[in-house]
Amino acid sequence: MSELQIGGISCRQLAEEYGTPLYIYDEARIINQAQSALDNFKSDMFETEVAFASKAFSSIYLFKLLSRMGLGLDVVSGGELYGAMQAGVDMSKVYFHGNNKGDEEMTMALEAGVGYFVIDNVMECRRLVFAAEDAGIKVRALLRVNPGISAHTHEYIMTSAPDSKFGIYVKDRIHIKEVIDIIAGSSMVELAGFHSHIGSQIVEAESFERALDTMTDFLLEMKELYGIDDMELSIGGGFGIKYVDEDEVESLGDMCYRMVRCAEDCIVRKGVNVTKLITEPGRSMVGEAGYSLYTIGDMKVSGDKHYIFVNGGMSDNIRPALYEAEYGAALVEKQDLPKTMNYCVAGKNCESGDVLIKSVKLPEAMPGDLLVLFSTGAYGYSMASNYNRLGRPAVVFVKDGKSRLVIRRESYRDQYRLEMGGDDD
Ligand SMILES: *Cc1c(COP(=O)(O)O)cnc(C)c1O
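1. Re the overall build of the protein chain
Point 1. A tally of regular secondary structure across the protein chain gives twelve helices and 20 strands.
Point 2. Taken over C-alpha atoms, the radius of gyration comes to 23 Å for the protein chain, in line with the 22 Å a tight globule of 425 residues would show.
Point 3. Of all 425 residues assigned to the protein chain, the portion counted as buried reaches 54%.
Point 4. Nonlocal contacts in the protein chain, meaning residues at least 24 apart in sequence, comprise 72% of its contacts between residues at least 6 apart.
Point 5. For the protein chain, the computed accessible surface area is about 18,800 Å², with 48% contributed by carbon and sulfur atoms.

So this is what it looks like as structure tokens:
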């Protein structure tokens, strides 16, 4: 009977070597996705850049891998920036995003030589000008504009409604002008262009095309009203991935290709000058390449539900509890058996909401079986917590039959390393 393998290694072997729960990444798949974005996000009319949105899975090993391939990096905090610095990534390709960047984070980023600050609001713009002038460091800025495009996705990952917490609404001329004026008065901050990011897990290119249309209209308005020209345009990330069999998703390469053609068309048609187009995929770089491997413990029937309990749960994957996210699963050593059972896969965290999959068809399971969840590579480990003092899983990368420990398992000792104990009272 065939047994599930990832990157040429059996899951059972990985479980024996590294223990479970375990995050496993198929490195070749990450490389393929990154390469297809690089290859398809290209134009003869303007420069292009693909920057990995590190929040999807921030790991030094991954940062090194992607930056060697030529990708830039998005960070949204001092912590993510610190990882980028440890990985030695080219700081000129780092984009510092996020609303409410702290003063200390700004100074840290300025001193590190971060390429771009993405400004969220007027107050932040003032603080950035002050920080850059105080430090005597020049920096390029993009202003985050909210184009008000509603992509079909879950409310919590939709970022572009007119009352969104992110950016300045595209029609809010007053605040946009204020940012432009503040920057115009600074010798240290340069307005390099504009940014928008409309949401996440967007599965059709059409939403991105609408965003490009709105943003190029906006660039034209900036040109006509204020003579701002030769702008860089970052169109954000948000490319969807396949979680369950029913999901229909356009490939990342195709969506990148269509976006660039659409941008070229808008630019020519409207007569605006864009010097560089930037995209920032996060989920689509790492999502489908990642797997969560668990060991099944106890099982029970409760009402009409057949529960499988796994040795992890919402502490290593909060997405089902947070966004009702869905996943597919398989029993590693019973892949070929008929799927005769309907199971509810629940974790061991103390919450009724700690259910990884509400209902999944699987062959009959037994305690000790290995269960794998598919497409957990994005916003899984990066959102993991120590809830109930479950240690965060280890992360391994596999490629060509070889595995590499990228993040070790969090021990009890690791978990209590910040505790002061209070014995000296
Ligand atoms: C989260 C985020 C991304 C990446 O989104 P994905 O859905 O993971 O591709 C890109 N840009 C910005 C500004 C973001 O906040």
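Picking up where we left off.
2. Observations regarding the nonpolar core
Point 1. Core analysis: the largest hydrophobic core is formed by 92 residues, its most contacted members being F52, F194 and V286.
Point 2. Per element, the largest residue contribution to this core is nine residues, and it comes from helix α9 (residues 252-270).
Point 3. Discounting chain neighbours no more than four positions away, the residues touching F52 are F57, L62, F63, L66, L71, G72, L73, D74, P281, G282, M285 and V286.
Point 4. Counting 20 residues, the second largest nonpolar core, distinct from the first, contains V310, Y327, L356 and I357.

3. As for the site of the ligand
Point 1. The environment of the ligand is formed by 16 residues, the closest being K55, S200, E280, R283 and Y379.
Point 2. One of the side-chain N or O atoms of E280 is found 2.7 Å from a nitrogen atom in the ligand.
Point 3. A distance of 2.9 Å is found between an oxygen atom of the ligand and a backbone nitrogen or oxygen belonging to G282.
Point 4. Here the ligand has 380 Å² of accessible area as a free molecule, and 93% of this is covered by the chains.

4. Some points on helix α3 (residues 60-69)
Point 1. Those residues of α3 not exposed but buried are Y61, L62, F63, L65 and L66.
Point 2. Note on α3: the residue one or two positions beyond its end, G70, has a positive phi of about 105°.

5. A word on the side chain of S234
Point 1. In this structure, S234 sits in strand β11 (residues 231-234).
Point 2. Given a relative accessible area of 0%, S234 falls into the buried group.
Point 3. Leaving out residues up to four positions away in the same chain, S234 has contacts with L142, F194, H195, S196, I278 and E280.

6. Some remarks on the pairing of strand β5 (residues 72-75)
Point 1. With burial as the criterion, each face of β5 is covered, one bearing G72 and D74 and the other bearing L73 and V75.
Point 2. Sheet topology places strand β4 (residues 47-53) next to β5; three bridges connect them, and they run parallel. For F52, the partnering residue across the bridge sits in β5 and is L73.
Point 3. Taking the sense of rotation as the criterion, the β-α-β connection linking β4, α3 and β5 turns out right-handed.
Point 4. Here β5 pairs with strand β6 (residues 94-96) via three bridges, running parallel. Within β6, the position partnered with L73 by the bridge is V94.
Point 5. Between the parallel pair β5 and β6, the chain is carried across by helix α4 (residues 78-86), and the sense of this crossover is right-handed.

7. A short note on the pattern of salt bridges
Point 1. In this structure the tally under the stated criterion is 23 salt bridges.
Point 2. Between E124 and K101 there is a salt bridge, and its shortest N-O distance comes to 3.0 Å. With E124 in helix α6 (residues 122-135) and K101 in the loop between β6 and α5 (103-112), the pair connects residues that are 23 residues apart, well separated along the chain. This pair shows no difference in class: E124 is buried, exactly as K101 is.

8. What about the side chain of T279?
Point 1. You can see T279 is positioned in strand β12 (residues 274-279).
Point 2. In this structure the side chain of T279 is engaged in a polar contact, spanning 2.9 Å, whose partner is the backbone oxygen of G236.
Point 3. Apart from the residues lying within four places of it in its own chain, the contact partners of T279 are F41, E49, V50, A51, I235, G236, F239 and M259.

9. Examining empty space enclosed by the protein
Point 1. What the rule picks out here adds up to one cavity of 30 Å³ or more.
Point 2. Roughly 30 Å³ of volume is contained in the largest cavity.
Point 3. Taken together, L219, K223, I228, D229, D230, M231, V272 and N273 make up the full set of residues lining the largest cavity.

10. Description of the packing of aromatic side chains
Point 1. Here the structure, examined in full by the defined rule, presents 13 aromatic pairs.
Point 2. Centre to centre, the rings of Y307 and F309 are 5.8 Å apart; their planes meet at 35°, and the pair counts as tilted.
Point 3. Residue classification places Y307 among the buried residues on the basis of a relative accessible area of 18%.
Point 4. Here the aromatic cluster, defined as three or more aromatic residues joined through ring pairs, consists of Y23, Y25, F57, Y61, Y381 and F397.
Point 5. Stacked on the ring of F96, the Lys or Arg K101 has its end atom at 5.6 Å from the ring centre.
Point 6. The side chain of R261 reaches across the aromatic face of Y257, ending 4.5 Å from its centre.

11. Some remarks on the packing of helix α2 (residues 27-40) against α3
Helix packing for two helices is described by the angle between their axes and how far apart those axes are.
Point 1. α3 packs onto α2 with a crossing angle of 35° between their chain directions and a minimal axis gap of 10 Å. Helix-helix and strand crossings are classified by hand; for α2 and α3 the assignment is right-handed. Between α2 and α3, the residues in contact are E27, I30, I31, A34, Q35 and L38 and Y61, L62, L65, L66 and M69, respectively.

Rules behind the numbers
- Residues numbered from 1 in each chain as written.
- Predicted model: local features only at pLDDT ≥ 70, side-chain atom pairs only at ≥ 80, totals over all residues.
- Heavy atoms only, no water.
- Helix = DSSP H or I, 4+ residues; strand = E, 2+ residues; numbered from the N terminus.
- Rg over C-alpha atoms; globule rule 2.2 N^0.38 Å.
- Buried < 20%, exposed > 50% of the residue type's maximum accessible area, 1.4 Å probe, protein only.
- Contact = heavy atoms within 4.5 Å.
- Areas by Shrake-Rupley, 256 points an atom, 1.4 Å probe, with all protein chains shown as cover.
- Core = buried A, V, L, I, M, F, W, Y, C linked by side-chain atoms within 4.5 Å.
- Near = heavy atom within 4 Å.
- Polar contact = N/O pair within 3.5 Å; in protein donor to acceptor, adjacent residues only side chain to side chain.
- Pairing = 2+ DSSP bridges.
- Right-handed = clockwise from strand over helix to strand, strands pointing away.
- Salt bridge = Lys/Arg side-chain N within 4 Å of Asp/Glu carboxyl O.
- 1 Å grid on protein atoms, 1.4 Å probe; cavity = no way out; pocket = protein on both sides within 12 Å on 5 of 7 lines; lining within 4 Å.
- Points joined across faces, edges and corners; volume = space filled by probe spheres on them.
- Phe/Tyr/Trp six-rings, centres within 6.5 Å; stacked < 30°, edge-to-face > 60°.
- Lys NZ or Arg CZ within 6 Å of the ring centre and 35° of its normal.
- Axes fitted to C-alpha atoms, helices over the stretch in contact; angles between N-to-C directions.
- Left-handed = near helix turned anticlockwise from the far one by under 90°.

Honestly, that's just the spatial picture; any functional story needs more than this.
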